[in-house]
Each structure stands twice: as structure tokens, then as C-alpha cells.
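Summary of structural features
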Amino acid sequence: MTFSTDHRSVFHHLPPDHVGRSLRADVLAGLTASPKTLPPKWFYDERGSGLFEQITELPEYYPTRAEREVLELFSEEIAAASPAEILIELGSGSSRKTPLLLDALNEAGPLRRYVAVDVSESALVDAGNALAPAFPDLELHAVTADFETQLHLLPRQGHRMVAFLGGTIGNFEPAARARFLSDIHELLGSGGGSLLLGTDLVKSPRVLVPAYADADGVTADFNRNVLRVLNTELGADFDVEAFEHVAVWRPREEWIEMRLRASRPMRVHLPGVNLDIRFHDGEELRTEISAKFRVEGVAEELQGAGFSVLGQWTDRQNRYALTLADAT
């Protein structure tokens, strides 16, 4: 714990060099695979996080606005369906939408603690500074942890609501998604609680693809930023501008893929992992999947992980859904 006041605490659970070791392991596994892949979490250094904030304001990128609309319309109904003593938010980031849920949970029952979980301590501290004046009586706990592997470190007593928003569940492939939902169920099952899950919904590719390939090229810059991260952190020599941003709708899988396409043959040296790799002209590196869902499919996946669905809510245009599910 790095600091504690009457109502605010920061807890550190990341092992030493966790980020560096994770990056090296992901790079070695992904860039030696065929086809080559990298996980989307490596977009987000300081520059990448700033670019993503720009993306959320773009006219083509609807998910952030749609999710906020659902929260504005239905937070009170959601909170009434599952009052909670503790709200745990996974991948909380800036916690911009969180006040809507906190207000509703405060009205519904004895909410006493908000636990924000993220790998970025600076994002957690900034979010805590923003929330504290509006919620002076609420315990604000910031937890630096990897929610994919460290759920067991989160509160296991009291009636809890776990919020996993932003459509981030769509970055998991189906088998990994099922394991992760089961892990959340196991966390909640010990003391009772619910999961509030945000999912982007299937819609026309004419809407989906521009959301990941905006006219101003901000998403393209964001996508290429993963190569800048490898250049900085691993001493790699990627020619970043030699890669073209590609966004593709995969109808069979019902997900968007973001890729980087080599515009010429090249050899890249990554001294931080003692690796040399080659790209042929036109070869693609997959940097993200963003699965899109159907509300009935979300319910089925949650039931398969042991949850009972309490309710589902969408924005007015049925673009985005929040699903509340009970773990008991």
C-alpha cells in the first residue's frame, strides 16, 4: 500500500517487472506465431491512452457514447435489481462513467466501497482524485493488478457488484472469455454478488468498420502505436509508418479484427527479447479482436459460467448492451 487516508487507499499487487515480463512473453509468443499477433493491451502507453481518448470522441466511434446512454437511462433500475455494498470495477481506467453507477447504488442501498482495478497506478490515482469530492463518505480503494490473473486478490466478502464495462470482454477469444467469466463467478460465489457486463452488439459492417477505421486516421495511429511501444520498451527497429492500418469484419466469428499490414518486405530486430523476425510484403500482424454480441448470446455465455441473468438493457438504437447477472 503506497498511501492511505480515512477513505482512500492504493494497494499494489503487481509483481516486480510484471509489465516488462508480460510484454516480453507476449511478444515472443505472438511474433513467432503464424499468423503473427500481439495483444491489444500493449497499445496503451501514455501516448496510446491519449489516442484512445481521442477515438472515444470521434463521430464514427459510437460504443463509449452508447454505453453512457445505457447507464444514464437505466443505472437506477440496474442498482435496484442488485444493490451492492462494494462496487468493483475491472479495467477502470479514468472511471469517467462510474459516477452514474455510484450515484444509483448509493440510492439503492448501503454502498460503502468502490474498488477500482487497473494496471496503471497513475490512472487510478487521477480517477480517485476526481471521484473523492463527489463521494466524500465512500471508501475509494485503488488496486494495481492484472485482472486477468489476479482476481483472487479482490474482496471476497460482502455483497459485491463487479462492473466490466467498455466492451473489453470482446477482446477475449471465446475459450478465454468463458474461463474469465467463470473466474468472476468463482470470485463472487463465495459471498454473493453480481456482474454488470458491457457488450457491443452485432450491427451492419457499414457502422462497425468505420468505428475502427475513422476518416481522420486516429485509429490508424493508435494501432501503429503498439510498434512504437516495442521500439521503446524492447529496443526494436520497426519502421512504424511502413505498416498500414487495416480493420476487417469477420462475419463468421462476428468480430472486428485490427491488423497492421507490411507495405514492403522487412526484417525487424528486437534486442529486448533477442529476436529477429521477417515480414513479407503485404503480411499482416493482428493486433486486436473486438467481438460483437447478440443479447441472447451474452445471456447464454453468462449462464454457461454459472450466472443467472437478472436483466439486459440497451441504448435507444440497440447498439450496445449492459447485462446484469447474479452469481448465486
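Look a little higher up for the structure.
The following paragraphs examine the structure supplied in this document. The structure displayed is predicted, hence computed values, not measured ones.

1. Observations concerning the side chain of Asp326
Within the fold, Asp326 resides in strand β14 (residues 320-326). Although Asp326 is buried, it makes no salt bridge; Arg160 carries the closest opposite charge, 9.9 Å away. Within the local environment of Asp326, its side chain forms a polar contact with the side chain of Thr328, the two groups lying 2.3 Å apart. Among all residues touching Asp326, those that are not within four sequence positions of it are Gly193, Ser194, Gly306, Phe307, Ser308 and Leu310.

2. Section: the pairing of strand β10 (residues 266-270)
Burial along β10 is one-sided: Met266, Val268 and Leu270 are buried, while Arg267 and His269, pointing the other way, are not. In this structure, β10 lies alongside strand β11 (residues 275-279), joined through 5 bridges in antiparallel fashion. Across the sheet, His269 pairs through a bridge with Asp276, a residue of β11. Taking the residues between adjacent antiparallel strands as the criterion, β10 and β11 are bridged by 4 residues, where Asn274 takes a positive phi near 50°.

3. Digging into the packing of aromatic side chains
What characterises a pair of aromatic rings is the spacing of the ring centres plus the angle enclosed by the ring planes. Tallying each qualifying case throughout the model produces 15 aromatic pairs. For the ring pair Phe52 and Phe222, a centre distance of 5.9 Å and an interplane angle of 40° mean the geometry is tilted. Taken as a pair, Phe52 in helix α2 (residues 46-56) and Phe222 in helix α8 (residues 218-234) lie far apart in primary sequence, 170 residues in all. Of the aromatic side chains, those joined through ring pairs into one cluster are Phe43, Tyr44, Phe52, Tyr61, Tyr212 and Phe222. The cationic tip of Lys36 hangs over the ring face of Phe279; the distance from NZ or CZ to the ring centre is 4.8 Å.

4. A look at the environment of Pro39
The topology assignment puts Pro39 in the loop between α1 (18-31) and α2. Looking at Pro39, the relative accessible area reads 25%, which means it is partly exposed. Apart from the residues within four sequence positions on either side, Pro39 is in contact with Asp26 and Thr287.

5. A short note on empty space enclosed by the protein
Taking a probe equal in size to a water molecule and rolling it over the atoms shows the remaining empty space. Enumeration according to the criterion identifies 2 cavities of 30 Å³ or more in this entry. Of the pockets and cavities examined, the largest cavity occupies roughly 120 Å³. Looking at the largest cavity, it is lined by 15 residues, and the ones nearest its centre are Leu124, Gly128, Leu140, His141 and Ala142. Among the secondary structure elements, those contributing two or more residues to the lining of the largest cavity are β2 (8-12), β4 (113-118), α5 (121-131) and β5 (139-144). Per-element accounting of the lining of the largest cavity gives the leading share, 5 residues, to α5. Here the residues of the lining of the largest cavity are counted per class, giving 10 nonpolar, 4 polar and 1 charged. By volume, the second largest cavity amounts to about 40 Å³. The wall of the second largest cavity is formed by Ile169, Arg177, Leu181, Leu197, Phe293, Val298 and Glu301. Only α6 (174-189) and α9 (295-304) provide two or more residues apiece to the lining of the second largest cavity. When grouped by side-chain class, the residues that make up the lining of the second largest cavity number 5 nonpolar, no polar and 2 charged.

6. Quick word on the nonpolar core
Counting 39 residues, the largest nonpolar core has Val27, Leu31, Leu230, Phe238, Leu270 and Phe279 as its most contacted members. Breaking this core down by element, the ones donating at least two residues are α1, α2, α7 (205-211), α8, β8 (243-250), β9 (255-262), β10 and β11. Looking at this core, the element that brings in the most residues is α8, giving 6 residues. Not counting chain neighbours up to four residues away, the residues in contact with Leu230 comprise Leu23, Val27, Leu31, Leu38, Gly235, Ala236, Phe238 and Leu270. Residues Leu154, Phe172, Ile184 and Leu188 belong to the second largest nonpolar core, which totals 33 residues.

7. Things to note about the sheet that holds strand β12 (residues 284-291)
Spatially, 3 strands are ordered β8-β9-β12 in an open sheet, and the strand pairing comes out antiparallel. Every interior strand has two partners, whereas the edge strands, β8 and β12, have only one. Here the strands of the sheet are splayed against their neighbours by 20° on average, with no regard to which way each runs. Both β8 and β9 contribute to a ladder of 8 bridges, which runs antiparallel. The residue bridging Ala247 from the neighbouring strand is Met258, located in β9.

8. Some points on the pairing of β4
As a general feature of sheets, a regular strand has side chains that alternate between the two faces. For β4, a buried count of 6 out of 6 residues is recorded, marking the element as mostly surrounded by other parts of the structure. With respect to chirality, the unit in which strand β3 (residues 86-90) leads through helix α4 (residues 98-108) into the neighbouring parallel β4 is right-handed. One crossover worth recording links β4 to the parallel β5 by way of α5, and it is right-handed.

Criteria and thresholds
- Residues numbered from 1 in each chain as written.
- Predicted model: local features only at pLDDT ≥ 70, side-chain atom pairs only at ≥ 80, totals over all residues.
- Heavy atoms only, no water.
- Helix = DSSP H or I, 4+ residues; strand = E, 2+ residues; numbered from the N terminus.
- Buried < 20%, exposed > 50% of the residue type's maximum accessible area, 1.4 Å probe, protein only.
- Lys, Arg positive; Asp, Glu negative; His and termini not counted.
- Salt bridge = Lys/Arg side-chain N within 4 Å of Asp/Glu carboxyl O.
- Polar contact = N/O pair within 3.5 Å; in protein donor to acceptor, adjacent residues only side chain to side chain.
- Contact = heavy atoms within 4.5 Å.
- Pairing = 2+ DSSP bridges.
- Phe/Tyr/Trp six-rings, centres within 6.5 Å; stacked < 30°, edge-to-face > 60°.
- Lys NZ or Arg CZ within 6 Å of the ring centre and 35° of its normal.
- 1 Å grid on protein atoms, 1.4 Å probe; cavity = no way out; pocket = protein on both sides within 12 Å on 5 of 7 lines; lining within 4 Å.
- Points joined across faces, edges and corners; volume = space filled by probe spheres on them.
- Nonpolar A, V, L, I, M, F, W, Y, C, P; charged D, E, K, R; others polar.
- Core = buried A, V, L, I, M, F, W, Y, C linked by side-chain atoms within 4.5 Å.
- Axes fitted to C-alpha atoms, helices over the stretch in contact; angles between N-to-C directions.
- Right-handed = clockwise from strand over helix to strand, strands pointing away.

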